[in-house]
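Report on the structure
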Amino acid sequence: MNNKEKARKILEEIKSSKKIKMKSLGLYNGGSAIGIMFSPTNEEELNLLLNTRKKFDTLIKQNDFYIPHVTLGYYLPIDYNDKIRRTIYNTLIQINIDLEIVINFKNLEYVIFENMDMYKK
């Protein structure tokens with residue numbers, strides 16, 4: 001909340017940036033989540049993504065390197081038996097993860113995350 005106006009200024013600044021096309025790299029298993037990882041398709045787009053990240057790092061410094069991704073779902077905190085694991089695995093191998101997405105900066109907006117179902121403007 002303390003960076004709300006600074007964040008909005010950065011969003012306005014980057015809205016004129018070129019679009020970034022990204023190609024899927026494969027699935028990831030992030031402990032409690034599963035998703036599809038993406039990478040920019042060329043060096044120019046990679047540099048645009050990294051430079052955009054630097055602008056947001058002025059708000060809250062992040063030392064971790066993040067991989068762009070789309071989360072497909074979260075695991076429930078339960079013990080999974082073999083039958084459920086097989087069902088999850090069979091579902092995942094049916095997902096076509098060979099795809100491209102385009103990041104369009106003009107569509108970004110500032111929202112406040114409350115929970116997985118609630119984002120406020």
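Residues numbered from 1 in each chain as written. Predicted model: local features only at pLDDT ≥ 70, side-chain atom pairs only at ≥ 80, totals over all residues. Heavy atoms only, no water.

**Brief notes about the overall build of the protein**
Here is the rule we go by: Secondary structure elements follow DSSP: runs of H or I no shorter than four residues count as helices, runs of E no shorter than two count as strands, and numbering proceeds from the N terminus. When we talk radius of gyration, it's over C-alpha atoms, and the globule rule is simply 2.2 Å times the number of residues to the 0.38. Each residue is placed in one exposure class: buried if its accessible area under a 1.4 Å probe, protein chains only, is under 20% of its type's maximum, exposed if it is over 50%, and partly exposed if it falls in between. A contact between two residues is defined here by any heavy atoms of the two lying within 4.5 Å. Reported accessibility uses the Shrake-Rupley method at a 1.4 Å probe radius. Residues are deemed covered only where the shown protein chains occlude them. Only four residue types enter the tally: Lys and Arg on the positive side, Asp and Glu on the negative side, with His and both chain ends excluded. Positions of charges follow a simple convention, taking NZ of Lys, CZ of Arg, CG of Asp or CD of Glu.
When helices and strands are counted, the protein shows three helices and six strands. Order of helices (α) and strands (β) in the protein, N terminus to C terminus: α-β-β-α-β-α-β-β-β. Computed over the C-alpha atoms, the radius of gyration of the protein is 17 Å, more than 25% above the 14 Å expected from 2.2 N^0.38 for a compact globule of 121 residues. Considering only C-alpha atoms, the protein reaches an extent of 50 × 35 × 25 Å along its principal axes. Out of the 121 residues in the protein, the part that is buried amounts to 21%. Taking the intrachain contacts of the protein between residues at least 6 apart in sequence as the baseline, contacts between residues at least 24 apart amount to 67%. Carbon and sulfur atoms provide 54% of the accessible area of the protein, an area that totals close to 9300 Å². The protein carries 19 positive and 15 negative side-chain charges, and their two centres are separated by 3 Å.

**A word on the sheet that holds strand 4 (residues 100–103)**
Operational definition: At least two DSSP bridges between two strands are needed for those strands to be called paired. With axes taken as lines fitted to C-alpha atoms, and helix axes fitted only over the stretch in contact, angles between N-to-C directions fall between 0 and 180 degrees.
Strand order in the open sheet formed by four strands is 3-2-1-4, and the pairing between neighbours is antiparallel. Bordering the open sheet on either side are strand 3 (69–74) and strand 4, each of which pairs with just one other strand. Put simply, the sheet's adjacent strands are angled 30° from each other on average, direction ignored. Bridge analysis of strand 1 (residues 20–29) against strand 4 gives four bridges, and the strand direction is antiparallel.

**As for the packing of aromatic side chains**
Definition in use: Stacked, edge-to-face and tilted are the three classes for Phe, Tyr and Trp ring pairs, Trp counted by its six-membered ring, which pair at centre distances within 6.5 Å; planes under 30 degrees apart are stacked, over 60 edge-to-face, the rest tilted.
Counted under the stated rule, the structure contains one aromatic pair. Taking the centre distance of 6.3 Å and the plane angle of 70° together, the rings of Tyr 75 and Tyr 80 count as edge-to-face.

**Considering the pattern of salt bridges**
Note the threshold: The term salt bridge refers to a side-chain nitrogen of Lys or Arg lying within 4 Å of a carboxyl oxygen of Asp or Glu.
Counted under the stated rule, the structure contains eight salt bridges. Its salt-bridge partner being Glu 100, residue Lys 21 comes within 4.0 Å of it at the nearest N-O pair. Note that Lys 21 is positioned in strand 1 and Glu 100 in strand 4, a separation of 79 residues in sequence. In this structure Glu 100 comes out as partly exposed when scored by relative accessible area, which is 45%. The shortest N-O distance in the salt bridge between Arg 85 and Asp 82 comes to 3.8 Å.

**Looking at the nonpolar core**
Let me state the cut-off plainly: What we call a nonpolar core is a set of buried Ala, Val, Leu, Ile, Met, Phe, Trp, Tyr and Cys residues that are connected through their side-chain atoms within 4.5 Å.
Formed by Ala 7, Ile 10, Leu 11, Ile 14, Ile 20, Met 22, Ile 36, Phe 38, Leu 59, Phe 105 and Tyr 110, the largest nonpolar core amounts to eleven residues. For this core, the secondary structure elements donating two or more residues are helix 1 (4–14), strand 1 and strand 2 (33–40). The dominant element in this core, judged by the number of residues it contributes, is helix 1, at four residues. Non-local contacts of Leu 11, meaning those with residues more than four positions away in its chain, are made with Phe 56, Leu 108, Glu 109 and Tyr 110.

**Examining the side chain of Asn 3**
Here is the rule: For the purposes of these results, a polar contact is taken to be a pair of N or O atoms within 3.5 Å, where, inside protein, one atom must be able to donate a hydrogen and its partner to accept one; residues adjacent in sequence count only when each atom of the pair is a side-chain atom.
Along the chain, Asn 3 turns up in the segment before helix 1. In this structure the side chain of Asn 3 is engaged in a polar contact, spanning 3.2 Å, whose partner is the backbone oxygen of Leu 59.

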